[in-house]
Amino acid sequence: DQQVKQNSPSLSVQEGRISILNCDYTNSMFDYFLWYKKYPAEGPTFLISISSIKDKNEDGRFTVFLNKSAKHLSLHIVPSQPGDSAVYFCAASAVIIQGAQKLVFGQGTRLTINP
Amino acid sequence: DAMVIQNPRYQVTQFGKPVTLSCSQTLNHNVMYWYQQKSSQAPKLLFHYYDKDFNNEADTPDNFQSRRPNTSFCFLDIRSPGLGDAAMYLCATSRGASAYNEQFFGPGTRLTVL
């Protein structure tokens, strides 16, 4: 039972163009959504997040869109740069015991930005 | 720099031979998490500590245990590793107390079981 899905294992985009990474979820109880970026030999690092009460959050070149009715979120990167080449994980959050945050991750999408 | 450190980065063990993975943090965060990530799969939460309180995920095998002797350190013990336990093990921390606290991840320990 995979509650968070990233259906594209890989994506290749030309430098300067827009990268769009997609994520679908099934659990309506998720109240917060995050994107993490992972370079080889490093742990995931937080990139951007969005609360379930919003439909858009923007931070520089990165924008996350949330469509609650479709249970879908997407990450837009524009313009894409070679340094954006990494694996991107979508994660959904639900509060568990004692206020600790439980993240449920998607499988990741490997983004490659071509010069 | 404040960070989450995992040792070793690569661990090789034999089938059935107990192994311990280590995580330390300088962030003074209340919560420490252990995730398992198998090849091309999503990281999966095994358990977490909120201060000294241990919280196990319902589907975490009994083979996996954890210890947190103090705020800074957390250990993952695999009592009898099987071939299916070969994976990347990620440690993460968060300040806790809110669903909106960022989780900070270590670089992971890649476990190979021979």
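Draft legend 1. Main features of the overall build of chain A. Across its full length, chain A carries zero helices and eleven strands. Sequence-ordered secondary structure for chain A, helices as α and strands as β, is β-β-β-β-β-β-β-β-β-β-β. Rg of the C-alpha trace for chain A: 14 Å, near the compact-globule value of 13 Å for 115 residues, within the 12% margin. For chain A, the C-alpha atoms occupy an extent of roughly 45 × 30 × 25 Å along the three principal directions. Across chain A, contacts joining residues at least 24 apart in sequence account for 55% of those joining residues at least 6 apart. Just so you have it, chain A exposes about 5400 Å², and 50% of that area is on carbon and sulfur atoms. Here chain A carries 11 positive and 9 negative side-chain charges, and the mean point of each set is 3 Å from the other.

Draft legend 2. View of the nonpolar core. Residue and element names in this part refer to chain A. Of all hydrophobic cores here, the largest spans 24 residues; its most connected members are Val4, Phe33, Trp35, Leu73, Leu75 and Tyr88. Those elements giving two or more residues to this core turn out to be strand E3 (19-25), strand E4 (32-38), strand E5 (45-51), strand E7 (62-67), strand E8 (72-77), strand E9 (86-95) and strand E11 (109-114). The greatest single-element share of this core, amounting to four residues, is contributed by E9. Among all residues touching Leu75, those that are not within four sequence positions of it are Ser19, Ile20, Leu21, Trp35, Leu47, Ile48, Phe62, Thr63 and Tyr88.

Draft legend 3. Region of interest: the pairing of strand E4 (residues 31-37) of chain B. All names here are of chain B. Within E4, seven of the seven residues are buried, which leaves it mostly tucked inside the rest of the structure. Side chains of E4 alternate between two faces, with Val31, Tyr33, Tyr35 and Gln37 and Met32, Trp34 and Gln36 buried alike. Counting the residues in the hairpin turn of E4 and strand E5 (residues 44-50) gives six residues, including Ser40, whose phi is positive at 60 degrees. Bridging between E4 and strand E9 (residues 87-94) involves seven bridges; their strand directions are antiparallel. Within E9, the position partnered with Met32 by the bridge is Thr93.

Draft legend 4. Structural detail: the pattern of salt bridges. Using the criterion set out here, one finds six salt bridges over all chains in the structure. When the shortest N-O distance is used, the salt bridge between Arg61 of chain A and Asp84 of chain A registers 2.8 Å. Taken together, the positions of Arg61 of chain A in the loop between strand E6 (56-59) and E7 and Asp84 of chain A in the loop between E8 and E9 put the pair 23 residues apart, joining distant regions of the chain. Given a relative accessible area of 2%, Asp84 of chain A falls into the buried group. Notably, a salt bridge pairs Arg67 of chain B with Asp77 of chain B, separated by 2.7 Å at the nearest N-O pair. Within this pair, whereas Arg67 of chain B is found in strand E7 (residues 64-67), its partner Asp77 of chain B is found in strand E8 (residues 73-78), the two being separated by ten residues in sequence. Via salt bridges that share partners, Lys37, Arg61 and Asp84 of chain A belong to a single interconnected network.

Definitions and limits used
- Residues numbered from 1 in each chain as written.
- Chains lettered and ligands numbered in written order.
- Predicted model: local features only at pLDDT ≥ 70, side-chain atom pairs only at ≥ 80, totals over all residues.
- Heavy atoms only, no water.
- Helix = DSSP H or I, 4+ residues; strand = E, 2+ residues; numbered from the N terminus.
- Rg over C-alpha atoms; globule rule 2.2 N^0.38 Å.
- Contact = heavy atoms within 4.5 Å.
- Areas by Shrake-Rupley, 256 points an atom, 1.4 Å probe, with all protein chains shown as cover.
- Lys, Arg positive; Asp, Glu negative; His and termini not counted.
- Charge placed at Lys NZ, Arg CZ, Asp CG, Glu CD.
- Core = buried A, V, L, I, M, F, W, Y, C linked by side-chain atoms within 4.5 Å.
- Buried < 20%, exposed > 50% of the residue type's maximum accessible area, 1.4 Å probe, protein only.
- Pairing = 2+ DSSP bridges.
- Salt bridge = Lys/Arg side-chain N within 4 Å of Asp/Glu carboxyl O.

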